[in-house]
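Commentary on secondary and tertiary structure
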Amino acid sequence: MSGVNEIRSTFLDYFKKNGHEVVASSPLVPRNDPTLMFTNAGMVQFKNVFTGLETRSYSRAATAQKSVRAGGKHNDLDNVGYTARHLTFFEMLGNFSFGDYFKEQAIELAWNLITKEYGLKKDKLLVTVYHTDDEAADHWKKIAGFTDDRIIRIATSDNFWAMGDTGPCGPCSEIFIDRGEHIWGGPPGSPEEDGDRFLEFWNLVFMQYEQVTKEERISLPRPSIDTGMGLERMASILQGVETVFETDLFRTLIDAASSAIGRGPDDSNVASYRVMADHLRSSCFLVADGVLPSNEGRGYVLRRIMRRAMRHAQLLGAQEPMMWKLVPALIREMGQAYPELVRGEALITETLKLEETRFRKTLARGLGLLADATETLGSGDMLDGETAFKLYDTYGFPLDLTQDALRQRSISVDLAGFTDAMERQKAEARANWAGSGEAATEVVWFSVREKTGATEFLGYETEQAEGVI
Ligand code: ATP
Ligand code: MG
Ligand code: MG
Ligand code: MG
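Source: prediction; values computed, not measured.

A look at the layout of surface pockets
In this structure, the second largest pocket occupies an estimated 470 Å³ of space. Looking at the lining of the second largest pocket, the elements that each hand over two or more residues are α7 (270-288), α8 (297-315), α11 (345-373) and α13 (399-407). Considering every element that reaches the lining of the second largest pocket, the biggest residue donor is α7, with five residues. For the lining of the second largest pocket, the per-class residue count stands at 13 nonpolar, eight polar and six charged.

Put into structure tokens, the structure is as follows:
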């Protein structure tokens with residue numbers, strides 16, 4: 001059985017052997033890219049190399065890239081715990097060609113890695129190509145010996161990648177494995193494609209065009225390759241388990257959570273353990289890369305992730321802050337590959353402890369209020385916006401935490417009502433300040449308050465507004 005550390009090094013060693021420079025993961029906070037919340041793919045650190053703005057001493061590279069898909073354009077936060085394959089933090093293994101090899105060799109390199117090094121069985125594998133990409137289809141036939149029925153043509157944007165409205169773009173080809181009839185789901189492109197039977201694990205992007213304007217697309221003189229394989233998904237395949245949460249690394253984290261709580265998962269609460277283990281990883285890696293919980297921007301995404309995990313800990317019966325107790329297990333598993341975890345251990349531990357201590361002051365009462373407010377509600381009903389706002393404002397419940405808490409019961413939140421309540425509160429606060437003769441101070445105070453949330457100004461006892469949704 002291959003553990004995640006071994007799977008990662010097999011990947012990097014293989015591409016090194018094939019002439020690639022092994023490049024370190026870039027931080028989760030992208031450098032000089034305010035348009036992107038977090039690094040969410042391997043290609044992010046190479047954006048300027050692909051567009052030609054920057055050159056490197058190598059034309060082939062391979063990475064294991066820390067990636068977070070929470071907040072921002074790619075947001076898998078709501079999937080975690082509900083699918084077999086989505087995490088908020090994951091490692092994306094990738095190989096890149098900057099105007100060096102193209103489609104045929106990219107397919108060949110991928111095929112040899114998965115069948116020879118990882119030993120996947122050909123008869124379980126299938127691929128997608130963009131519907132007009134005959135070239136890719138032909139290479140798959142020749143290299144993998146696939147018949148047409150194993151090469152699925154997809155016409156949607158799922159198989160056409162673009163960096164933005166303009167810039168490099170091109171078709172992609174994704175590799176899937178069929179894990180058997182006992183798991184619900186259908187092949188890509190079918191109505192049941194969201195099931196977990198057919199697992200997507202590798203995306204090969206063929207950057208062959210440049211979108212110059214909305215209307216004009218030209219062929220790139222030296223096309224490039226960008227690929228991404230989910231390490232945890234490959235681990236679930238190689239370890240023969242149905243979900244990423246049953247792989248070696250996640251089992252260790254879930255075991256650590258079980259001992260911190262004093263009991264292990266059962267069918268009724270396994271999702272809580274999974275969410276906690278996933279959110280622990282994203283929280284620790286984000287703090288290690290300099291993000292701290294706050295009420296805006298990246299820091300607020302981190303706070304939302306942390307508080308979601310903390311609600312699950314509470315549901316499982318945690319009597320005291322516990323997330324910080326899982327940090328040593330994570331560092332044992334991942335500290336060697338990511339020394340920033342080791343360096344950041346004290347800060348990570350303190351940050352988790354402080355956030356959970358603070359949130360626990362209001363968490364139980366907030367959950368009590370939520371239970372009372374929804375006592376008579378059932379599937380298809382809606383929680384009023386006023387209560388959702390009170391939970392947010394007084395009890396520190398991010399809106400998505402409330403939505404997540406009600407999801408299993410199929411209760412939604414009245415979002416318009418929530419926004420109304422928030423606006424009303426802002427207007428009232430403004431009215432109270434009007435006429436104080438300190439107009440200039442007031443403006444400053446409001447802009448600061450809106451940026452940071454009122455907590456800092458009204459004192460911790462009141463546990464006031466979080467400021468940003
Ligand atoms: P999915 O359709 O399963 O959401 P995706 O098409 O959004 O995946 P890509 O953007 O193609 O994913 O990313 C490349 C690879 O990274 C995927 O094939 C998968 O192996 C991995 N990956 C993507 N998102 C996640 C995630 N949330 N958790 C774990 N691995 C992921
Ligand atoms: Mg996705
Ligand atoms: Mg996909
Ligand atoms: Mg994909």
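Moving on, there is more to tell.
Quick look at the side chain of S67
In this fold, S67 is placed in strand β2 (residues 60-68). When its relative accessible area of 0% is taken as the criterion, S67 is described as buried. There is a polar contact of 3.2 Å between the side chain of S67 and the backbone oxygen of Q65.

Focus: the pairing of strand β4 (residues 125-130)
Strand residues, when the strand is regular, have side chains that alternate between the two faces of the sheet. Here β4 lies mainly inside the structure; six of its six residues are buried. Of the two faces of β4, both are covered, the one formed by L125, V127 and V129 as well as the one formed by L126, T128 and Y130. Here four bridges tie β4 to strand β7 (residues 167-178), and the two strands are oriented antiparallel to one another. Looking across to β7, one finds that T128 is bridged to E174. This β-α-β element, β4 to helix α4 (residues 134-144) to strand β5 (residues 151-154), shows right-handed connectivity.

Brief notes about helix α12 (residues 385-395)
Residues lying three or four places apart along an α-helix face the same way, a consequence of the helix completing one turn every 3.6 residues. Taken across its eleven residues, α12 has eight buried, putting it largely inside the fold. Taken residue by residue, α12 has G385, T387, A388, F389, L391, Y392, D393 and Y395 as its buried positions. On its buried side, α12 packs onto α8, α11, β10 (382-383), α13, β11 (412-413) and α14 (415-433).

Here's the deal with the nonpolar core
The biggest cluster of nonpolar side chains holds 128 residues, and the ones touching the most others in it are I114, Y118, W140, F201, W202, M229 and M276. Excluding residues that lie within four positions of it along the chain, W140 makes contacts with I107, W111, V127, V129, G145, F146, I151, S173, I175 and L204.

Digging into the packing of α7 against α11
Contact pair α7 / α11: the axes reach a minimum separation of 9 Å and the direction vectors enclose 125°. With respect to α11, the element α7 is oriented oblique. For α7 against α11, the interelement crossing comes out right-handed. Touching L280, S283, C284, V287 and A288 of α7 are L347, I348, T351 and L352, all from α11. Of the residues belonging to the contact of α7 with α11, the class tally is seven nonpolar, two polar and no charged.

A few points about the environment of I114
Structurally, the position occupied by I114 is in helix α3 (residues 103-117). A residue is classified by how much of its surface remains accessible, and I114, at 0% relative accessible area, is buried. Separated by 61 residues in the primary sequence, I114 and I175 have C-alpha atoms spaced 10.0 Å apart.

A word on the site of ligand 1
Close to ligand 1 lie 16 residues, the nearest being D76, R85, H86, E200 and N203. Contact distances for ligand 1 include 3.0 Å between an oxygen atom and a side-chain N or O atom of R69. At 3.1 Å, a backbone N or O of F201 approaches an oxygen atom of ligand 1. Relative to its unbound accessible area of 580 Å², ligand 1 is 86% covered by the protein chains. Secondary structure elements with two or more residues in the shell around ligand 1: β3 (89-97), β8 (198-211) and β9 (217-230). Counting residues per element, the shell around ligand 1 draws most heavily on β8, which supplies four residues. Within the shell around ligand 1, the residues separate by chemical class into six nonpolar, four polar and six charged.

Quick look at the pattern of salt bridges
Inspection of the entire model under this criterion finds 25 salt bridges. Two residues, K66 and D289, come together in a salt bridge whose shortest N-O distance is 3.0 Å. One end of the pair, K66, is in strand β2; the other, D289, is in the loop between α7 and α8, and 223 residues separate them in sequence. We classify K66 as buried; its relative accessible area is 3%. Ionic pairing is found between R308 and D78, a salt bridge with its closest N-O pair at 2.9 Å. Here R308, found in helix α8, pairs with D78, found in the loop between β2 and β3; they are 230 residues apart in sequence, far enough to count as distant. Judged by relative accessible area, which is 3%, R308 ranks as buried. Overlapping salt bridges, with partners in common, bring together D78, R304, R308, R311, D400 and D404 in one network.

Conventions and cut-offs
Residues numbered from 1 in each chain as written. Chains lettered and ligands numbered in written order. Predicted model: local features only at pLDDT ≥ 70, side-chain atom pairs only at ≥ 80, totals over all residues. Heavy atoms only, no water. 1 Å grid on protein atoms, 1.4 Å probe; cavity = no way out; pocket = protein on both sides within 12 Å on 5 of 7 lines; lining within 4 Å. Points joined across faces, edges and corners; volume = space filled by probe spheres on them. Helix = DSSP H or I, 4+ residues; strand = E, 2+ residues; numbered from the N terminus. Nonpolar A, V, L, I, M, F, W, Y, C, P; charged D, E, K, R; others polar. Buried < 20%, exposed > 50% of the residue type's maximum accessible area, 1.4 Å probe, protein only. Polar contact = N/O pair within 3.5 Å; in protein donor to acceptor, adjacent residues only side chain to side chain. Pairing = 2+ DSSP bridges. Right-handed = clockwise from strand over helix to strand, strands pointing away. Contact = heavy atoms within 4.5 Å. Core = buried A, V, L, I, M, F, W, Y, C linked by side-chain atoms within 4.5 Å. Axes fitted to C-alpha atoms, helices over the stretch in contact; angles between N-to-C directions. Parallel < 35°, antiparallel > 145°, perpendicular 65-115°, else oblique. Left-handed = near helix turned anticlockwise from the far one by under 90°. Near = heavy atom within 4 Å. Areas by Shrake-Rupley, 256 points an atom, 1.4 Å probe, with all protein chains shown as cover. Salt bridge = Lys/Arg side-chain N within 4 Å of Asp/Glu carboxyl O.

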